[in-house]
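# Architecture and fold: a report
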Amino acid sequence: MGRDDYASYAKHWSAPDYTVDDNGKVVGGYVPEGSNNWGRWGDDDQRGTQNLIGPDQRIRAASLVQSGKVFSLALPIDADGPRFHTRPAPLHWFMMSGSDQVVGSPYSAADPDFQWNDDMFQMPLQGSTQWDGFAHVIYRDTMYNGYWAGNVTAFGGASVLGIENHRESFVGRAVLLDLARAEGCDPLALATVIDSAMLDRCVEHQGTAVEPGDIALIRTGYMALWEPSFTPDQQGGYFGGSPGFGVDALNWCDANDISAVASDTIAVEVLVPEDSEARKHPVHCGALVDRGLPLGEFWVLDDLAADCADDGRYEFMLVAPPLNIPGAVGSPLNPIAIK
Ligand code: UVW
């Protein structure tokens, strides 16, 4: 098939050797061989490991609110933030301003005493602090829980696994794992592969108790190296050299019943391949496709980390739902940690 060759745009095509059932599921195609959550919360599940957070976990999270301190974990959404080059800069403009009306608009005559400002915003949903939804990544034509890639179209968006299924997700207990501090290397060295042993070392170093349903925030310190003035080549080097999860770190998530992972890098995962024979983006595939484990990217963790180092408390309540955009495959957000 044309898709086997890089950017070949070949005209030839062969029919796939699988079929798709009435529920939009692939039959006779990809099924994960290793750890996965397909069917664990039902054949039509859309929320994956967020099912691990229920009322009990939220009540427990609320009990962690002690000082009342609040931390925004979001980048400013502007042209200076780290952003992959295929994703254009955000555009913010105004349709109406009070100044226009002061000078004179059709509306000033109707009510000379009343003015207002209206603005608009356009941005790639993967272009700032964000959640990757399950429809963001496809492996062998298949998404989480066996849904076929054809359920997502440019015209109709994601008819399954859209980010709107998470509009009440990501409200729970979170733990910050400050790997950069724990490893004494802040930021972590380029292309550091984070594995289960490193995560366990950090838990031990911090004295953090990880509980089922926790959202894990992984600090590498790497965001501090971003420069808005990077040339395209420098950007490539910056993103390509991100430290991040290797596939073994997903075993740690399984063992600890982690409900989501977010980090201060572009992809959560290390982008220099650990194994040249393995599938591409193995952590994206293992998390989003196989496990239904949401990934949060470009989260700003430095101020929170400094506070955690100060008071020794690395667990807190997190309120971080995505925007409720039907059919979107990801969403920017302003995650709020409350201590
Ligand atoms: C891809 O890996 C395709 O994108 P992101 O890192 O933004 O999830």
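Preceding this section is the structure that the text describes.
Described below are features of the structure shown in this document. (Residues numbered from 1 in each chain as written. Predicted model: local features only at pLDDT ≥ 70, side-chain atom pairs only at ≥ 80, totals over all residues. Heavy atoms only, no water.)

## What to know about the packing of aromatic side chains
Applying the stated criterion across every chain yields a total of 14 aromatic pairs. One aromatic cluster in this structure is built from Phe84, Tyr222, Trp226, Phe230, Tyr238, Phe239 and Phe298. Here the basic side chain of Arg279 rests over the ring of Tyr139, its NZ or CZ set 4.6 Å away from the ring centre. (Phe/Tyr/Trp six-rings, centres within 6.5 Å; stacked < 30°, edge-to-face > 60°. Lys NZ or Arg CZ within 6 Å of the ring centre and 35° of its normal.)

## Observations regarding the site of the ligand
Neighbouring residues of the ligand: Arg87, Gln130, Asp132, His136, Ile266, Ala267, His284 and Glu297. The contact in question runs from an oxygen atom of the ligand to an N or O atom on the side chain of Arg87, over 2.8 Å. Contacts to the ligand include Asp132, whose side-chain N or O atom sits 2.7 Å from an oxygen atom. Computed on the free molecule, the ligand has an accessible area of 260 Å², of which 80% lies beneath the protein chains in the complex. By residue class, the composition of the shell around the ligand is 2 nonpolar, 3 polar and 3 charged. (Near = heavy atom within 4 Å. Polar contact = N/O pair within 3.5 Å; in protein donor to acceptor, adjacent residues only side chain to side chain. Areas by Shrake-Rupley, 256 points an atom, 1.4 Å probe, with all protein chains shown as cover. Nonpolar A, V, L, I, M, F, W, Y, C, P; charged D, E, K, R; others polar.)

## Details of the environment of Lys11
Inspection of the secondary structure puts Lys11 in the segment before β1 (19-20). Overall, the relative accessible area of 83% leaves Lys11 in the exposed class. Separated by 72 residues in the primary sequence, Lys11 and Arg83 have C-alpha atoms spaced 32 Å apart. (Helix = DSSP H or I, 4+ residues; strand = E, 2+ residues; numbered from the N terminus. Buried < 20%, exposed > 50% of the residue type's maximum accessible area, 1.4 Å probe, protein only.)

## Some words on the side chain of His284
Take His284: it is sitting in helix α8 (residues 282-291). Polar contacts involving the side chain of His284 include one to the side chain of Asp132, which spans 3.3 Å. Setting aside residues no more than four positions away along its own chain, His284 makes contact with Asp132, His136, Val137, Ala267, Glu269, Val289, Leu295 and Glu297. (Contact = heavy atoms within 4.5 Å.)

## Some details on the pattern of salt bridges
Under the criterion given, the structure shown has 15 salt bridges. Between Asp257 and Arg40 there is a salt bridge, and its shortest N-O distance comes to 3.6 Å. Note that Asp257 is positioned in the loop between α7 (247-255) and β13 (260-263) and Arg40 in the loop between β2 (26-27) and α1 (55-62), a separation of 217 residues in sequence. Asp257 sits in the partly exposed class, given a relative accessible area of 26%. Using a relative accessible area of 45% as the deciding quantity, one classes Arg40 as partly exposed. For the salt bridge of Asp290 with Arg279, the shortest nitrogen-to-oxygen distance reads 2.7 Å. Linking Asp290 in helix α8 with Arg279 in the loop between β13 and α8, this pair joins segments that are 11 residues apart in sequence. Here the salt bridges share partners, and the residues they tie into one network are Arg60, Arg173, Glu211, Asp214 and Glu315. (Salt bridge = Lys/Arg side-chain N within 4 Å of Asp/Glu carboxyl O.)

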